[in-house]
Amino acid sequence: MILTVESIKPALALACPLIAALLILLSNRRPNLRESWTLIAGLFQFAIILSMAPMILRAQTIEYTLLTGMLPGINFGFKVDAFGLMFAMTSSFLWIIVSIFSIGYMRALQEHAQTRYYFCFALAIFGAVGVALSGNLITMYVFYEILTISTYPLVVHEESPEALFAGRKYLAYLLTSGVFLLAAIALDYSVSGTTDFNPGGHLTLASASRPFLMILFLLFLLGFMKAAYIPCHSWLPTAMVAPTPVSALLHAVAVVKAGVFGIVRIVCYVYGTDTMGELGLGVMLASFAAVTMIGASLFAIAQDNLKKRLAYSTISQLSYIIFGVALLSPMGVTGAMIHIPLHGFMKITLFLCAGSILVASGKKNISEMAGIGRRMPVTMFAFTVGAFGMCGMPATAGFISKWFLGLGALQNGNLIFLAVLLISSLLDVVYFFPIVYTAFFGNAEGMDSNWKGSKRIKEAPLFMIIPLSITALFSIIFYFPNPVSEALLHMANLALSH
Amino acid sequence: MTGFVEHLPILTIVIPLFSAFTILVAGWFNKKSCIFIFWLTLTAQFIMSFIILRRVLIHGPIHYWLGGWKPPWGIELVVDSLNAYILIILLFLSLACAIYSKSNIEHELPGKRVSFYTLFQLLIAGLCGVTLTGDIFNMFVFIEIFSISAYALIAARGKIALKASFTYLILGSIGTCFFILGIGCLYSVTGSLNIHDLSLLLPPFYGNKVVKAAFVFFIVGLSIKMALFPFHTWLPDAHAFAPAEISAMLSGIMIEISTYAFIRVSFSVFTLEFLKLLPVFDILCWVAVAAILMGSVMAITQVNLKRMLAYSSVANMGYIMLAVGISLSAVESPWGGLNPALMHIANHALMKGCLFLAAGAFIYKANLWHITEFRGLARKMPYTCAAFVLAAISMIGIPPSAGFVSKLYIILASIEIKNYFFVAVLLISSLLNLVYFWRVIETMYMKHEEGGHSSHGSHGMREEIPLGMLIPILLLSSLCIVMGIVWLGKIPIPILDQVNLMFGLGKVP
Amino acid sequence: MTEWLISEIFAKYNYWISILLMLIGFYAVITKENLVKKIIGLNIFQTAIFLFYISLGVVKKGTAPIVSDETILKGYQYVNPLPHVLILTAIVVAVATTAVALSLIIRLYEEYGTIEESEILEAIKKEGR
């Protein structure tokens, strides 16, 4: 039995980045003050979100209503359950990490329009945490669109023609998907009279005809294009023109995870696993995800640009999550849910490493990185941890989620799905291992010569090294039994209990 | 005290009329005094409109008999929740435009200040008159008063504006001619001109061909005035080349007042039973759909910012008329009846007012008309550009802006009548809005001035507009967002519910 | 059929005349290139409506609506005065519109040196914007 508690904490957690955004605008001319606002807000937000965890672990949900009766039967308000809290915790914790990294990155490269950058970053976190804490689809939609709009200036930050093109593509994909989402929400509301998230869902076969429900699901799927499944994925690699911290937080955690988060919400909390199974949508979705998992890995092998390869890897990994819920088995869903934070930590490590390589050596392509591991040992060691995690090797966090996904596939009883999972893991090794190999064992001669008057390449500033070491450390810690990972697993189990 | 409130409707019309002539006379002696008389009048009117609304909400409609003559012989002013609501929107936008106009007119029409304010005041008097009157012929006279002032105001900039004004004059006159033709037909059948009286006398004649013809004349006449799709040809030029605050008034409220007249004629004169006899409103929906698509597509092809905004107005009139069209069939719910239409009238007034004033600011500061010239503008005019972005976001319908709420309500109403085609059109049009607004935003923020790439990182020269112009723009743009939350909180919904109740709309059939 | 048509036309000839006038005016507004002729067309259009109104008020064998002891005693019928009054207002409005239109034409002539619509449009196109 889940108890509901009224608490203002969700609203406070959201107020932090919003207030920070305003303060950032006001302290336009004072960089130190501006960046400390970001950090303070991040710490506060994380503290508030963390303080909700004990209640959630006691199997309670936290509700807070801002506007009552926005539409009949719908309040504009928040409802924090275990799943939402997991996502919110991940986003807000990684915001702090990435903010520290950003300070080093933006200052080292002397980027322009830094105020705009931090402002939009705070707004984006506002959107992402809002998505995580929303109690119903319409509230979620509001934050989902704020997230889209606020990340646009970050994508086009460079303001080059290439960046502008990427920005247009980004908006074209994501706002079109927003339109589909709005249509889906309106239809859902018209048949069920509610859009609340309930474990077990509010749509049943009695709500509407089968074809209607299937089309509605398709609309929802199109609506969450942020999940970057094939064939709606191409905005993500294009968006990699953004500064690396943006790619790290937004295109490995906040934005894309908001999409996947939405799909999980739809499957488990709007349709419910039972209805999904009866409609046969689970198999359909799982096949969809399987195609993306393998297809994106194949694309990734062909990329030489490190960030693009990571982007395709993200596409593939996101589909693990979709795949997990599509299995509709308890283990699969658990695996999917814990893959959200775990993948977040591992992928952000990889992106931060890519960023620090860029700052320290100016290199973007993998082929130029031969031997860089000897010049930047800390960075490349962290990268290796992240990469091994992606492949699901034991002793890294990635192993846990893959383990659960594998169990889920077995529970589902479909061995083909297990095979897909294994093949895809193998492909992960194929595209990650060469990077690690060239970095440590490649020929480092001549790599210093074409860099800043042939100065010897060194590690990136501490502002960048520390954050990526922390995330790499976490990627390992999660594997070993400890209170944090147990709490995570407990939450994932709670998320589906009625 | 209540006795005084009873007189407020006529005062709202008479005071600006007198003020218009006072401005003219005072302008002979002291040119600077005009603007203050104008502001004072508008502020007084604005306060009065709130008192009227409060009175109407508490005690029901105000009936004011001019000269004490009893209707249907005398002229009557009737204020119910519908026109009290419209009046507030009208006067609020007028006030914003009035504040804006001080600096802008000194710059844009230096020698014509006195006549400008006289005409502006007459325009507002005419608009208030249309809103408040309870007599249909009186409505025609006020329509002509605001139209004639508008013709002159549009032409104020000279050159191409003259041609635009002339085209509008011809089409507008034909529109009002159709309107009096409709009045004539109704008069020949009933012998009455009072709106309330007509609604009582007409029902026995609903089968009469003359009555049906009268309704069609009203529709055609008012469609021209409100620039509904096939009759929109006068609008883009007229709205593009008028002075900024007049463009804002034209797009923000004048065409909406014609929509108000249409709602008044359809629901107060003809009542619901008549509308259910004819499939006019169904046809209207499809015309509105055409207007939405056509207006949006044409807006994409424009290079002149104000013309683009003008075409966007054509599309938005489509939204409003679509909402009016489906009002008959939508059932009891917050989006039932006329709610989405009236909601979008308010929201469109805010958004379009803000956009046109911002466009005027670009012209004021750097004589920029074309979208391609806006490179790097965000660095020079950060506040104006930010306001433009907020209003544009609202136009596109990104939550939680005002535009989002009206879009959501129209979509929910369309779903209610099981017309998924309308839903698709509304969604597509919001994407089209995105295309043409984002092009502007991208140029303003992300592209640099040619040869000015060196300003990378530095802030360049700030060239913001005077505070008097900036405040209304910022006020309107912040309201674009705030109103979204206010609507979601359903604060003004009781007013709209009264309107539905009055017209018998939004009930479970 | 023809009988019905004839009776329809002749019995209500006043309406037909005003419709005819309206169409003539409308035609002029649409087709004439000369701006002044357009305005003349508009005036014909408006006049047609005025005539329509005035003919509405006619009562057969009615006199002017001047009430005196004599007319009351003799039981005269009056024409309906209200349409006349309405049309008086409408005429004022129409005159005002015409005045604005003519002044616009003068200003257009000053700017472009012509009152032919096509030439003005061409000049505007050359000017750009």
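Everything numeric in this text was worked out from a predicted model, so none of it was measured.

What to know about the overall build of chain C
Next up, step 1: Helix and strand content of chain C: 6 helices and 0 strands.
Next up, step 2: Taken against the 2.2 N^0.38 rule, which gives 14 Å for 129 residues, the C-alpha radius of gyration of chain C at 21 Å runs more than 25% over that of a compact globule.
Next up, step 3: With respect to the principal axes defined by its C-alpha atoms, chain C has extents near 70 × 45 × 20 Å.
Next up, step 4: Going through the 129 residues of chain C one by one, you find that 24% of them count as buried.

Observations concerning the overall build of chain B
Next up, step 1: Assigned secondary structure in chain B consists of 20 helices and 2 strands.
Next up, step 2: The C-alpha radius of gyration computed for chain B amounts to 22 Å, which stays within 12% of the reference 23 Å derived for 509 residues, consistent with globular compactness.
Next up, step 3: Here the C-alpha coordinates of chain B stretch approximately 75 × 60 × 40 Å along the principal axes.
Next up, step 4: Relative to its full complement of 509 residues, chain B shows a buried share of 62%.
Next up, step 5: Long-range pairs, those at least 24 residues apart, make up 80% of the contacts in chain B between residues at least 6 apart in sequence.

A word on the sheet that holds strand β2 (residues 60–71) of chain A
All names here are of chain A.
Next up, step 1: Strand order in this open sheet of 3 strands is β1-β2-β3, and the pairing throughout is mixed. Looking along the sheet, the strands with just one partner apiece sit at the ends: β1 (3–6) and β3 (74–80). Here the average twist between neighbouring strands, direction ignored, is 40°.
Next up, step 2: Sheet topology note: the β1/β2 ladder contains 4 bridges and is parallel. Counted as the bridge partner of V5 is I62 from β2.

What about the packing of helix α17 (residues 402–416) of chain B against helix α19 (residues 467–488) of chain B?
Residue and element names in this part refer to chain B.
Next up, step 1: Interaxial distance between α17 and α19 falls to 6 Å at its minimum, and their mutual angle equals 40°. It follows that α17 is oblique to α19 by the angle criterion. Contacts from A402, F404 and V405 of α17 reach α19 at C480, M483, G484, W487 and L488.
Next up, step 2: Grouping the constituent residues of the contact of α17 with α19 by class yields 7 nonpolar, 1 polar and no charged.

A closer look at the interface of chain C and chain B
Next up, step 1: Counting residues at the interface gives 25 residues for chain C, matched by 26 residues for chain B.
Next up, step 2: Of all the elements in the fold, those that place two or more residues in the side of chain C that touches chain B are α3 (35–56), α5 (82–112) and α6 (117–127) of chain C.
Next up, step 3: Considering every element that reaches the side of chain C that touches chain B, the biggest residue donor is α5(C), with 12 residues.
Next up, step 4: In terms of residue class, the side of chain C that touches chain B is built from 18 nonpolar, 3 polar and 4 charged.

Description of the interface of chain A and chain B
Next up, step 1: Counting residues at the interface gives 23 residues for chain A and 23 residues for chain B.
Next up, step 2: Elements with a contribution of two residues or more to the side of chain A that touches chain B: β2, α5 (137–155) and α6 (161–192) of chain A.
Next up, step 3: Counting residues per element, the side of chain A that touches chain B draws most heavily on α6(A), at 10 residues.
Next up, step 4: Grouping the constituent residues of the side of chain A that touches chain B by class yields 17 nonpolar, 4 polar and 2 charged.

Comments concerning the environment of A:L310
All names here are of chain A.
Next up, step 1: If you trace the backbone, L310 turns up in helix α11 (residues 306–326).
Next up, step 2: Judged by the 31 C-beta atoms lying within 10 Å of it, L310 is buried.
Next up, step 3: Sequence separation of L310 and Y431 is 121 residues, and the distance between their C-alpha atoms is 9.6 Å.
Next up, step 4: When residues no more than four places from it in sequence are discounted, the contact partners of L310 are L350, F351 and A354.

Section: the confidence of the model for chain C
Next up, step 1: On average, residues of chain C score 85 in pLDDT, and 98% of them are at 70 or above.
Next up, step 2: For this predicted complex, the interface confidence comes out at an ipTM of 0.91, alongside a pTM of 0.90.

Description of the nonpolar core
Next up, step 1: By size, the foremost hydrophobic cluster in this structure holds 439 residues, and its most contacted members are A:A122, A:L249, A:I322, B:I154, B:L322, B:C354 and B:C480.
Next up, step 2: In contact with A:I322, not counting residues within four places along its chain, are A:A227, A:Y229, A:V260, A:I263, A:L285 and A:A289.

Side note on unusual backbone geometry
Next up, step 1: The omega torsion across A:I230 and A:P231 is 10°, close enough to zero to call that bond cis.
Next up, step 2: When you line up the elements, A:P231 lands in the loop between α7 (210–223) and α8 (235–238).
Next up, step 3: The residue after B:P399, namely B:P400, is reached through a cis peptide bond having omega 0°.
Next up, step 4: Counting through the fold element by element, B:P400 comes out in the loop between α16 (382–396) and α17.
Next up, step 5: Here A:A228, not a glycine, exhibits a phi torsion of approximately 55°, which is positive.
Next up, step 6: The residue B:T271 is not glycine, and still its phi comes out positive at about 60°.
Next up, step 7: Judged by the 18 C-beta atoms lying within 10 Å of it, B:T271 falls in the partly exposed class.

Observations concerning helix α13 (residues 305–325) of chain B
Next up, step 1: Compared with the 30 Å implied by 1.5 Å per residue over 21 residues, the 30 Å span of α13(B) between its first and last C-alpha is a close match.
Next up, step 2: Among the 21 residues of α13(B), 21 are classified as buried, and the element is accordingly described as predominantly covered.

Brief notes about the arrangement of the chains
Next up, step 1: When the 2 pairs of chains in contact are compared, the highest contact count belongs to chains B and C.
Next up, step 2: Where chain A comes nearest to chain C, the C-alpha atoms are still 27 Å apart, and the two do not contact one another.

A look at α5(A)
Next up, step 1: If you check α5(A), its first and last C-alpha atoms are 26 Å apart, about what 19 residues at 1.5 Å a residue would give, namely 27 Å.
Next up, step 2: With 19 of 19 residues buried, α5(A) is to be regarded as a mostly interior element.

Structural notes on the pairing of β2(A)
All names here are of chain A.
Next up, step 1: Relative to β3, β2 runs antiparallel, the two sharing 6 bridges. By the bridge assignment, L67 is partnered in β3 with F76.
Next up, step 2: If you look at the hairpin formed by β2 and β3, you'll find 2 residues sitting between the two strands, and G73 has a positive phi there, around 85°.

Here we look at the packing of helix α3 (residues 81–108) of chain B against helix α4 (residues 113–132) of chain B
To describe two helices that pack against each other, one gives the angle between their axes and the distance between the axes.
All names here are of chain B.
Next up, step 1: Their axes nearest at 10 Å, the elements α3 and α4 cross at an angle of 170°. If you check the angle between α3 and α4, you find them roughly antiparallel. Across from N83, I86, L87, L90, S94 and I105 in α3, the residues of α4 making contact are R113, F116, I124, L127, C128, T131 and L132.
Next up, step 2: Per-class residue counts for the contact of α3 with α4 are 9 nonpolar, 3 polar and 1 charged.

Calculation rules
Within each chain, residue numbers correspond to sequence positions counted from 1 in written order. Ligands are numbered from 1 and chains lettered from A, in the order in which they are written. Owing to the predicted nature of the model, reporting of local features is limited to residues with pLDDT of at least 70; listing and counting of side-chain atom pairs is limited to 80 or more, with chain, interface and lining totals taken over all residues. A run of H or I in DSSP counts as a helix once it spans at least four residues, and a run of E counts as a strand once it spans at least two, with each numbered from the N terminus. For this measure, only C-alpha atoms enter the radius of gyration; the expected value for a globule follows 2.2 Å times N^0.38, where N is the number of residues. Three exposure classes are used, based on other C-beta atoms lying within 10 Å of a residue's own C-beta, which is placed from the backbone: buried for 20 or more, exposed for 12 or fewer, and partly exposed in between. For every residue pair, C-beta atoms are placed from the backbone, and the pair is scored as a contact if these atoms sit within 7 Å. Pairing between strands is defined by DSSP: at least two bridges between the two strands are required. Angles run from 0 to 180 degrees between N-to-C directions of axes, and those axes are lines fitted to C-alpha atoms, restricted for helices to the stretch in contact. The cut-offs work like this: below 35 degrees is roughly parallel, past 145 is roughly antiparallel, 65 to 115 is roughly perpendicular, and the gaps in between are oblique. Charged residues are taken to be Asp, Glu, Lys and Arg, nonpolar residues to be Ala, Val, Leu, Ile, Met, Phe, Trp, Tyr, Cys and Pro, and polar residues to be all remaining types, Gly included. As a per-residue measure, pLDDT tells how confident the predictor is, with possible values from 0 to 100. A set of buried Ala, Val, Leu, Ile, Met, Phe, Trp, Tyr and Cys residues, joined through C-beta atoms within 7 Å, is what we mean by a nonpolar core. Helix span is expected to be 1.5 Å times the residue number reduced by one.

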